[in-house]
Amino acid sequence: MSFCRLLCLLSVAVAVANAQVGPAVFAHVIVGNTAAYDVAQWQTEIGVAQEATIDGFALNIGTPLAGTTQTQIANAFAAAAAQPGDFKLFFSFDYLGGADGPWAASDVISILSQYGGNAAHYKVNGQPLVSTFEGTGNTGDWSSIASSVNGGIYFMPDWTSLGPGGIGQYSDIIQGAFSWDMWPDGPNNITDDSDKAWQSALGSKSFMMGVSPWFYTDLPGYDKAWVWRGDDMWHTRWMQTLDVKPQFVEIVTWNDYGESHYINDIYEAGIPYDNEGNSAAAYVNGFPHAGWRSLLPYYIAMYKNNAPPSVSDEIIQYWYRLAPVASGQTNGTTGNDCPSSINGASAPQSCYPVDDILEDAVFFTALVGSLPADITFAIGDAQPESIAATQVGLNHFSRAFNGQTGNVTVAISRNGADVVSSTGPAIAESWPNDVAIYNAWVGTASTADGANARRGLQWRR
Ligand SMILES: *[C@@H]1O[C@H](CO)[C@@H](O)[C@H](O)[C@H]1NC(C)=O
Ligand SMILES: *[C@@H]1O[C@H](CO)[C@@H](O)[C@H](O)[C@H]1NC(C)=O
Ligand SMILES: *[C@@H]1O[C@H](CO)[C@@H](O)[C@H](O)[C@H]1NC(C)=O
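Definitions and limits used
Residues numbered from 1 in each chain as written. Chains lettered and ligands numbered in written order. Predicted model: local features only at pLDDT ≥ 70, side-chain atom pairs only at ≥ 80, totals over all residues. Heavy atoms only, no water. Near = heavy atom within 4 Å. Polar contact = N/O pair within 3.5 Å; in protein donor to acceptor, adjacent residues only side chain to side chain. Areas by Shrake-Rupley, 256 points an atom, 1.4 Å probe, with all protein chains shown as cover. Nonpolar A, V, L, I, M, F, W, Y, C, P; charged D, E, K, R; others polar. Pairing = 2+ DSSP bridges. Helix = DSSP H or I, 4+ residues; strand = E, 2+ residues; numbered from the N terminus. Axes fitted to C-alpha atoms, helices over the stretch in contact; angles between N-to-C directions. Parallel < 35°, antiparallel > 145°, perpendicular 65-115°, else oblique. Left-handed = near helix turned anticlockwise from the far one by under 90°. Contact = heavy atoms within 4.5 Å. Buried < 20%, exposed > 50% of the residue type's maximum accessible area, 1.4 Å probe, protein only. Arc of directions from axis to C-beta. Salt bridge = Lys/Arg side-chain N within 4 Å of Asp/Glu carboxyl O.

A. Representation of the site of ligand 1 within the structure. Residues in close proximity to ligand 1 include Pro187, Asn189, Arg229 and Asp232, which together make up its full environment. In the environment of ligand 1, an oxygen atom lies 2.2 Å from a nitrogen or oxygen atom belonging to the side chain of Asn189. In isolation ligand 1 has 360 Å² of accessible area, and contact with the protein removes 44% of it. Taken together, the residues of the shell around ligand 1 break down into one nonpolar, one polar and two charged.

B. The arrangement of the sheet that holds strand β18 (residues 406-414) in detail. Taken together, four strands build an open sheet; the order of strands is β16-β15-β18-β19 and the sheet is antiparallel. Each end of this open sheet is capped by a strand with a single partner; those strands are β16 (385-388) and β19 (417-427). On average, adjacent strands in this sheet sit at an angle of 20° to one another, irrespective of strand direction. As paired elements, strand β15 (residues 374-379) and β16 share four bridges and run antiparallel to each other. Paired with Asp374 across the bridge in β16 is Ala388.

C. The packing of helix α7 (residues 233-244) against helix α9 (residues 296-305), seen in detail. Two elements in contact, α7 and α9, have axes whose closest approach is 8 Å; the angle formed by their N-to-C orientations is 20°. One element, α7, and the other, α9, form an angle in the roughly parallel class. When the axes of α7 and α9 are compared, the crossing they make is right-handed. Here Trp234, His235, Trp238, Met239, Thr241 and Leu242 of α7 come into contact with α9, specifically with Leu296, Tyr299, Ile300, Met302 and Tyr303. When its residues are assigned to classes, the contact of α7 with α9 shows nine nonpolar, two polar and no charged.

D. The arrangement of the sheet that holds strand β17 (residues 393-400) in detail. On the basis of which strands lie adjacent, the open sheet formed by four strands has the order β17-β14-β12-β20 and antiparallel pairing. Unpaired on one side and paired on the other, β17 and β20 (441-446) mark the two borders of the sheet. For this sheet, the mean inter-axis angle between neighbouring strands, taken without regard to orientation, is 15°. Relative to strand β14 (residues 361-368), strand β12 (residues 315-320) is paired through five bridges, and the arrangement is antiparallel. Looking at β14, one finds that Gln317 is bridged to Thr365. Strands β14 and β17 of the sheet are contacted by α9, whose axis makes an angle of about 125° with β17.

E. Structural view of helix α6 (residues 193-202). Residues Asp195, Trp198 and Leu202 constitute the buried set of α6. Buried residues of α6, seen end-on, are gathered within an arc of 65° and therefore sit on one face of the element. Turned more than 90 degrees from where α6 packs its buried face, Asp193 and Ser200 sit exposed. Packed against the buried residues of α6 are β7 (176-178), β8 (206-211) and α7. Note on α6: the residue one or two positions beyond its end, Gly203, has a positive phi of about 60°.

F. View of the environment of Ser161. For Ser161, the location among the structural elements is in the loop between β6 (154-155) and β7. Each C-alpha atom, one on Ser161 and one on Trp180, is 8.8 Å from the other, the two residues being 19 residues apart in sequence. Here Glu134 takes part through its side chain, which lies 2.6 Å from a polar atom of the side chain of Ser161.

G. Representation of the side chain of Arg229 within the structure. Relative to the assigned elements, Arg229 resides in the loop between β10 (224-227) and α7. Only 3.1 Å separates the side chain of Arg229 from the side chain of Asp231, close enough to count as a polar contact. Only 3.3 Å separates the side chain of Arg229 from the backbone oxygen of Ile357, close enough to count as a polar contact. With residues near it in sequence (within four places) discarded, Arg229 still touches Pro184, Gly186, Pro187, Asn188, Asn189, Ile357, Leu358 and Glu359.

H. The arrangement of the environment of Asn285 in detail. Structurally, the position occupied by Asn285 is in the loop between α8 (281-284) and α9. Linking Asn285 and Ile266, residues 19 residues apart in sequence, is a C-alpha distance of 7.6 Å. When residues no more than four places from it in sequence are discounted, the contact partners of Asn285 are Ile266, Glu268 and Ile271.

I. Fine view of the environment of Asp243. Along the polypeptide, Asp243 turns up in helix α7. Along the primary structure Asp243 and Ile427 are separated by 184 residues, whereas in three dimensions their C-alpha atoms are 35 Å apart. The residues touching Asp243, leaving out its near neighbours within four places in the chain, are Asp192 and Lys196. Among the polar contacts made by the side chain of Asp243, one reaches the side chain of Lys196 at a distance of 2.8 Å.

J. Region of the structure containing the pattern of salt bridges. Applying the stated criterion to the full structure yields eleven salt bridges. Here Lys304 and Asp55 are joined by a salt bridge, their closest N and O atoms 2.9 Å apart. One end of the pair, Lys304, is in helix α9; the other, Asp55, is in the loop between α2 (39-51) and β2 (56-61), with 249 residues separating them in the sequence. Looking at Lys304, the relative accessible area reads 30%, which means it is partly exposed. One salt bridge connects Glu314 with Arg414, and the closest N-O pair in it is separated by 2.7 Å. Here the residue Glu314 occupies a position in the loop between α9 and β12, and Arg414 occupies one in strand β18, the gap between them amounting to 100 residues. Using a relative accessible area of 0% as the deciding quantity, one classes Glu314 as buried. Take Arg414: its relative accessible area is 13%, and that puts it in the buried class. Each member of the salt-bridge network shares a partner with another, and the members are Arg229, Asp231 and Glu359.

Structure representation (structure tokens):
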């Protein structure tokens, strides 16, 4: 008996030490943009996220804890339970975005008591994962919140405004952290330096890395008219997950139409307007981002296995703005959040002219199953350029507008014949009403799509 007891204790200790934290990939959902949803709409979107191999949604909720928010939390959990598969949810308490200011600890406790134990709630070592958007004025709430939830919580706040140097003092109440620092400062490509600084500040605690494709918002009634450099970022950032190897990745966002970093299909009733009545529809309608999901199964498998998976379908993904950056009025938009920073960045950022921030280029990524293969590219009537793929797997490129206008055509071709191709809307010389729109149009095509598959390309599987 004492032998068994020793062995059992030992195996429990080993199990705890080896308890796996992650990897998992979530998408940040603005629950405020889901007010018109029913359970069926949640189920549809969970299905779409599952196709992209996303593990769950981070439900961003602001105050007050009333009507719509409560209804949509309940709908989301009902949908996750009803949908086949193993889709999970957790909360990201938004301390800046709520109509009633920061969250009251009692409301946080009430939500976590109700949903923390739900089968569809994402858990780490049996504890519900809990996150935030900011809330550095309420750090004192969390030890009592954690002890009020049966079994405790796995707490990974996004307290990015503290900077990595400011997180250490909270090591007693956090199990990890999420960094919102995921767009580059100025006319530079994003690096993962900030992620590594967070990771090193966290030591053995968990890190959630943010991956975002874009950022453009023009809602003057909310004092938000900013653009950050997106350009190559969707590809660059996923490649950086291999370098950072975070426990978790959070895609920012699923449905924030107001900030142009949605990867969900456009859902009309979810497009926000500001308190002066300006609607984000002015720069969201006509700018589908669904194409950004097509390579997620590949990127996510690569992140989870730390190695490229094998290629089943060949896919081309591409995105661009529909006119040169300098061809329209900025409408008050500045490069970066300036002059002051309210978006969670730890230091105020500099202002840049928008023209300096964005490249006039088409960005495209081809997932290639075998070599040789070429990626063909053309704007308008120009002679198509043929670019040799350099490797099986992902091949990423960009090509400048160079003054060309017209439809954009991209293809993967082999032995002179298109294997898969796609044509996107025309790049124009200027904007029809002279106001520039800095959102991206995103397209994609796959050999798994009906038309291409019918061309007899299923030999690949
Ligand atoms: C950003 O990275 C791309 C390659 O991914 C490169 O072509 C481009 O020159 C870089 N731009 C800047 C401003 O560093
Ligand atoms: C330009 O600004 C006006 C208000 O100042 C707003 O109503 C309109 O939607 C903006 N246009 C774009 C494309 O953002
Ligand atoms: C070419 O671009 C125009 C303007 O955006 C669009 O109406 C048309 O459908 C495009 N053609 C193709 C073949 O996609």
